[in-house]
Amino acid sequence: MAAAESSLSIVEYFRGEDGYRCGYCKNETGNLSHGMWAHSMTVQDYQDLIDRGWRRSGKYVYKPIMNKTCCPQYTIRCQALHFQTSKSHKKVLKKMLKFISKGDVSKVMGGEEPMDSHIEDVVACNYEYRNESHVSQAELKLLSVDHTERAETEDKDKEQMKEEVNVKKVESSSLQIHVAKGTPVPGEPSHSTKIVHALPKPGKGADLNKPPCRKAKDIRKERKLQKLLQNQMCTCEGSPLQAGDQVLLLQNSKSKPNQPKTVEDFIFASLPDDAAHKLEVRLVRSSPPSSQFEATFQESYQVYKRYQMVIHKDPPDKPTINQVRLVPVSFEDPQFKSSFSQSAALFAKYQMAIHKDAPSDCDENETVFLGIILKISMFLMNLMQFTRFLCDSPLEAENLPNGPDCGYGSFHQQYWLDGKIIAVGVIDILPYCVSSVYLYYDPDYSFLSLGVYSALREIAFTRQLHEKAPDLCFYYMGFYIHSCPKMRYKGQYRPSDLLCPETYVWIPIEQCLPLLEHSKYCRFNQDVKAVDDGRIKELGRVRVLHKGTIMPYSVYKKRRKGPSDEASVHQYASLVGQTCSERMLLFRS
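Every value quoted in this text rests on a predicted model; they were computed, and no experiment measured them.

### A short note on the overall build of the protein
Thinking step 1. When its secondary structure is counted, the protein shows 17 helices and 18 strands.
Thinking step 2. Counting only residues that meet the buried cut, the protein has 50% of its 589 residues in that class.
Thinking step 3. Across the protein, the fraction of contacts at a sequence separation of at least 24, relative to all contacts at a separation of at least 6, is 73%.
Thinking step 4. As presented, the protein carries roughly 29600 Å² of accessible surface, and 54% of it is formed by carbon and sulfur atoms.

As structure tokens, then:
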């Protein structure tokens, strides 16, 4: 049963009726969205959900009500296999290369935002914890699958469900990079050209008794390969990439003749032996937390705290709203009152032993100690916000034979400079994409444009994963918000597509922008007859988890006591789609 539980998504749905404050236009009640709490979720289910406009913040999964919310948020993806670096991207990559190799700290600001918005996700967190689940784990335990009132066509339905799970593919999953057989390889003669070797006239031409001269370009490429094999430029779960993977990365980074440099050409460029700095990128699984993640948790959290304070002007002990229920700091609370004397004595002992305070400075009066308790409470709330927002994830860790070596699920991509963490990219690795969740970095290194640099690294990482998992070929950048000029930077990673909010098909962003200039909410699919192919068709087949038993909604509806919940279930099913509604378990109390 444990295996069965780990392969099922279990969600609680919250109807989106109340408005929240918008972080973009500052409308106090204009931000409208539907949401659900995901107790667990498979990577395939989440992939299908984000392809219908959903997005997660911690374990809370939300979908903006596009035609009603004040600032419509369109899911955006970059076609990583065809990505071409722009001039501004190259400037950022060259700036990092100069800093690593020579220590150049020229503070030329790129003027671009990090890959994801702090405001966007904090707004999500605001309603995340208002709707936080209070269901116990015992209520989620699967006891049985109800067979008593299944439809006569259940066997056919089950086969159809399996087919839908296997058949669903991203529209552009067939896009792959193929190198033509006739493409000349640098340093090797082209097979399409006839080569004639003639002896040079005396006194002219190359001396055949000496080794042939080689182009400096070819020598640099050879050194590049040797350097890449020696240096551990990128690590996975704290261990270096295999030599074969490193060779593969180098092959991907080779530019074809007369072709612009790729992002890999900059990232894996050869460095001098006396390089001023060493940069490593480590991938650590955040959920469930790996040993490497746990070992670096405190250092990573300190980077996050500094980032929030300096970049987003959070106060040092910013308390969070509606996130944590703590024991009241009051003598009216029995637990606090009973432990106060012991806690105060421990505090005084600590202050005298560690900070050399005089006994008089550690007076056990209520005012002094209550102030300390309040500060500790605020620290714990901030720490819990970090954990629940950027570390907790409903995604199940999955490792498949045809998947990437690191597996699927939620990860932190840590940027280590000279032995310390300077930035962390929070990402999800899904069947068809790498999905960017958030980025935070040490403000002391803002001059390196780490937001842009990390996005380019994640695009290169997507291309690397594609070599092992052919279906994985997109880089999802969260939401594109055209009505907020500050959030339009995501459209600069080309080629990219926006998701039509009505038919859920991908449309090139070039076709969407003219429409968005006229209206903040748009249906991008211009085929007026097109409909949502994944729309709900049979409400009775929605899967429900009720009192530990899995059953179709048609059975649950007959057993339910009290007022009908059909409207809520129908809304949920229409938003997640028929396929997900038949795979995921909708919890009903």
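Alright, that's what it looks like, and here's the rest.
### Examining the packing of helix α3 (residues 87–102) against helix α14 (residues 450–468)
Thinking step 1. One can describe the packing of α3 onto α14 by two numbers: an axis separation of 10 Å at closest approach and a directional angle of 100°. One way to sum up the angle between α3 and α14 is to call them roughly perpendicular. Residue-level contacts link His89, Val92, Leu93 and Met96 of α3 to Leu450, Val452, Tyr453 and Leu456 of α14.
Thinking step 2. Taken together, the residues of the contact of α3 with α14 sort by class into seven nonpolar, one polar and no charged.

### Examining the pairing of strand β11 (residues 420–429)
Side-chain positions along a regular strand alternate between the two faces of the sheet.
Thinking step 1. For β11, the buried fraction is high: nine of the ten residues fall into the buried class.
Thinking step 2. Between strand β10 (residues 409–417) and β11, which pair antiparallel one after the other, the connecting turn spans two residues, and aspartate 418 there sits at a positive phi close to 50°.
Thinking step 3. The pairing of β11 with strand β12 (residues 433–441) spans seven bridges and is classified as antiparallel. Looking at the pairing, valine 424 lines up with tyrosine 440 of β12.
Thinking step 4. Between β11 and the antiparallel strand that follows it, β12, lie three residues.

### As for a positive patch on the surface
Thinking step 1. A surface patch of like charges, here positive, comprises Lys94, Lys98, Lys102, Arg220 and Lys261.
Thinking step 2. Examining the composition of the positive patch, we find that three residues originate from one element, α3, more than from any other.

### Points about helix α2 (residues 43–50)
Thinking step 1. Counting buried positions over the eight residues of α2 gives eight, a clear majority of the element.
Thinking step 2. Where α2 is concerned, the buried positions are Val43, Gln44, Asp45, Tyr46, Gln47, Asp48, Leu49 and Ile50.

### Thoughts on the environment of proline 289
Thinking step 1. Along the chain, the position of proline 289 falls in the loop between β9 (279–287) and α10 (291–295).
Thinking step 2. A C-alpha to C-alpha distance of 8.3 Å links proline 289 and cysteine 391, two positions 102 residues apart in sequence.

### A closer look at the nonpolar core
Thinking step 1. In terms of nonpolar packing, the biggest core is built from 113 residues, with Met36, Ile429, Tyr440 and Tyr572 touching the most fellow members.
Thinking step 2. Looking at this core, the element that brings in the most residues is α14, giving nine residues.
Thinking step 3. If sequence neighbours within four positions are ignored, isoleucine 429 has contacts with Val43, Leu283, Pro404, Cys406, Gly407, Tyr408, Gly409, Phe411, Phe461, Leu465 and Leu472.
Thinking step 4. Counting residues in hydrophobic clusters, the runner-up holds 13 residues, among them Cys22, Tyr24, Trp37 and Tyr60.

Conventions adopted
- Residues numbered from 1 in each chain as written.
- Predicted model: local features only at pLDDT ≥ 70, side-chain atom pairs only at ≥ 80, totals over all residues.
- Heavy atoms only, no water.
- Helix = DSSP H or I, 4+ residues; strand = E, 2+ residues; numbered from the N terminus.
- Buried < 20%, exposed > 50% of the residue type's maximum accessible area, 1.4 Å probe, protein only.
- Contact = heavy atoms within 4.5 Å.
- Areas by Shrake-Rupley, 256 points an atom, 1.4 Å probe, with all protein chains shown as cover.
- Axes fitted to C-alpha atoms, helices over the stretch in contact; angles between N-to-C directions.
- Parallel < 35°, antiparallel > 145°, perpendicular 65-115°, else oblique.
- Nonpolar A, V, L, I, M, F, W, Y, C, P; charged D, E, K, R; others polar.
- Pairing = 2+ DSSP bridges.
- Patch = residues over 30% accessible without salt bridge, like charges linked within 9 Å, V, L, I, M, F, W, Y side chains within 5 Å.
- Salt bridge = Lys/Arg side-chain N within 4 Å of Asp/Glu carboxyl O.
- Lys, Arg positive; Asp, Glu negative; His and termini not counted.
- Charge placed at Lys NZ, Arg CZ, Asp CG, Glu CD.
- Core = buried A, V, L, I, M, F, W, Y, C linked by side-chain atoms within 4.5 Å.

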